[in-house]
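Inside the fold
Here are the chains, one letter per residue:
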Amino acid sequence: MAERGLKRFLPADLNDPLLRSAYSLMLNAGAGAVIGLAYWTVTARVFDEKDVGVGMAILAAMRFLAAITSFGFVGTVARFVPEAGRNTARFVGTVYGAATGLAVAGCAVFLLTLTSWGETYSLLSGWTAGLVFTVMVIVWSICTLQDVVLTGLRKAPWVPVANLVFWVVRFGVLAVCAVLLGNSAGVSVSWAVFLAWIAPGLIVSLCLNTAVFRKLIPQHARLTADKRLPPPRQIGRFLAGDYAGSIFTLLFNYGVPVLVAAQVSKEMNAYYGLTITLGAMLEMLSYTMASSLTVEGAFDKAALADNCRRALRRTFLILTPLVVVATLLAPVALLLFGEGYAQHATDLMRLIALAALPRAVVELYLGALRALRRAGMIVFVQFGMAVMAIGGAQLLLPVHGITGVGLAILASQTITALAVLPGLWRIASGRAQAARLHPPDDPGGAQA
């Protein structure tokens, strides 16, 4: 059914800026899921579970720090790059610089309090290890933002191409590490698991952003020369609200894995970390559609309701069958990584897959709110979801293990989706256009 629906709508969809960008980002997420499955299969098969667990813990810390220092800019980049005009280069450069500065500060705090995070993170002690880790956090921050910059420039098809190169280089580094370290164990192997994943991003990011600043941004500036950024104060107010909301979501998305790593065995963290990584690839499908919805809402506010309806239809047309397959085949898929993964993480994988459906509702609602500059409501929604997820995970982890974390995630996202559904329907039906009577960043206007 889903395949016939896509064949029917796909030709027209590719001429639609909203869906063309969304499909490009979904292709990137889908290809990443397939290649990532192969990547982590090799990793789990070649290296010892304890070494994979330590490497995954460091990777979780890197993602967490990069996320809290860069992801808060994502909504602002998606919202304002489309109308930045001749100031696009300066705007993007400022965001990159701010994210880099925050990444350095965040890493400093984390590394100075390293003893509080458990023995798993002792590998990061020392100046050399700390410096390498900080550089990798900066690299991941820029990698996170550059995809959104490309989306805001309506160049989303570049994203899967760049990330395909990223994956190819990753596999090359992993192959070298497997040959050199496959029969050994210890600190070097854990570093190999971590660096093989992120270090190639340095080369890819440098090459891609050279093209962005030399070619794509000048093209965008010429095409949008008639557009002007709002005053810095308005951008700052939106950034403050969206950043605050993003922090809550990121504490849930990236903070929970760090907390789990500090409370479970290295082997169990390998099962948890790898499963969450795979589950996040499903969530990326709705997130990419939401990003495209924000960008097109910035280009054409009058079409937001229609874009929202089409985004909902296409997201669930694509996501639902994938969730069904992931739920049914979870034990088979995890068996590729080893018997321990299938035995301990099957229920977690199913819960994370099911949670992707309500998460799609939430992400599309947030994408529409960003297009409307409703910073107040964005904070409220993300705060509620994060509190429920983190609190639930802390309560259920000691009782049900990593499966309890999955239960907390599914429950928090389902409750949040049910709460925001009426607001999403008002936007999709066009009723929220009345909110344009409110000042753009007025939290009181968030009621629609």
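Here's a quick rundown of the structure. (Residues numbered from 1 in each chain as written. Predicted model: local features only at pLDDT ≥ 70, side-chain atom pairs only at ≥ 80, totals over all residues. Heavy atoms only, no water.)

1. Looking at the packing of helix α13 (residues 339-371) against helix α15 (residues 402-428)
Two elements in contact, α13 and α15, have axes separated by 7 Å at closest approach and are oriented at 25 degrees. Here α15 runs roughly parallel to α13, going by the angle between their axes. Of the two elements, α13 crosses α15, and the hand of that crossing is left-handed. (Axes fitted to C-alpha atoms, helices over the stretch in contact; angles between N-to-C directions. Helix = DSSP H or I, 4+ residues; strand = E, 2+ residues; numbered from the N terminus. Parallel < 35°, antiparallel > 145°, perpendicular 65-115°, else oblique. Left-handed = near helix turned anticlockwise from the far one by under 90°.)

2. With respect to the pattern of salt bridges
Evaluation of the coordinates by the stated rule reveals five salt bridges. Between Arg309 and Asp306 there is a salt bridge, with the nearest N and O atoms lying 3.4 Å from each other. One end of the pair, Arg309, and the other, Asp306, are both in helix α12 (residues 304-335), three residues apart, so they sit about a helical turn from each other. Residue class for Arg309 comes out partly exposed when judged on its relative accessible area of 32%. (Salt bridge = Lys/Arg side-chain N within 4 Å of Asp/Glu carboxyl O. Buried < 20%, exposed > 50% of the residue type's maximum accessible area, 1.4 Å probe, protein only.)

3. Re the packing of aromatic side chains
According to the stated counting rule, one finds four aromatic pairs in the structure shown. Ring plane angle 90 degrees and centroid distance 5.4 Å describe the contact between Phe80 and Phe238, whose orientation is recorded as edge-to-face. Within this pair, whereas Phe80 is found in helix α4 (residues 74-80), its partner Phe238 is found in helix α10 (residues 232-263), the two being separated by 158 residues in sequence. Note on accessibility: Phe80 and Phe238 belong to one class, buried. Their ring planes at 70 degrees and their centres at 6.0 Å tell us that Tyr96 and Phe213 sit as a pair that is edge-to-face. Of this pair, Tyr96 sits in helix α5 (residues 88-112) while Phe213 sits in helix α9 (residues 200-223), and the two are 117 residues apart along the sequence. (Phe/Tyr/Trp six-rings, centres within 6.5 Å; stacked < 30°, edge-to-face > 60°.)

4. Notes on the environment of Val135
For Val135, the location among the structural elements is in helix α6 (residues 127-152). On the basis of relative accessible area, Val135 is assigned to the partly exposed category, the value being 33%. For Val135 and Val104, which are 31 residues apart along the polypeptide, the C-alpha to C-alpha distance reads 8.4 Å.

5. Let's talk about the nonpolar core
Counting 110 residues, the largest nonpolar core has Met62, Tyr121, Phe133, Phe194 and Tyr341 as the members making the most contacts within it. Per-element accounting of this core gives the leading share, 18 residues, to α13. In this view, Met62 contacts Phe133, Met136, Val137, Trp140, Phe194 and Ile198; residues no more than four positions away in its chain are not counted. Grouped together as the second largest cluster of nonpolar side chains are 34 residues, Phe80, Ala99, Leu208 and Leu216 included. (Core = buried A, V, L, I, M, F, W, Y, C linked by side-chain atoms within 4.5 Å. Contact = heavy atoms within 4.5 Å.)

6. A look at helix α14 (residues 375-400)
The first and last C-alpha atoms of α14 sit 36 Å apart over 26 residues, in line with the 38 Å expected at 1.5 Å per residue. Of all the bends in α14, the largest measures some 30 degrees and sits at Gln394, one to four residues before the proline Pro398. Those residues of α14 lying buried are Ala375, Met377, Ile378, Val381, Gln382, Met385, Ala386, Ala389, Gly392, Ala393 and Leu397. A positive backbone phi angle near 70 degrees is found at Gly401, which sits one or two residues after α14. (Expected span 1.5 Å × (residues − 1). Bend = angle between axes of the 7 residues up to and from the residue.)

7. Topic: the side chain of Thr275
On the secondary structure map, Thr275 appears in helix α11 (residues 266-299). Its relative accessible area of 0% is what places Thr275 among the buried residues. From its side chain, Thr275 meets the backbone oxygen of Tyr271 in a polar contact 2.7 Å long. Once residues lying within four places of it in the same chain are set aside, the contact partners of Thr275 are Leu334, Ala345, Leu348 and Met349. (Polar contact = N/O pair within 3.5 Å; in protein donor to acceptor, adjacent residues only side chain to side chain.)

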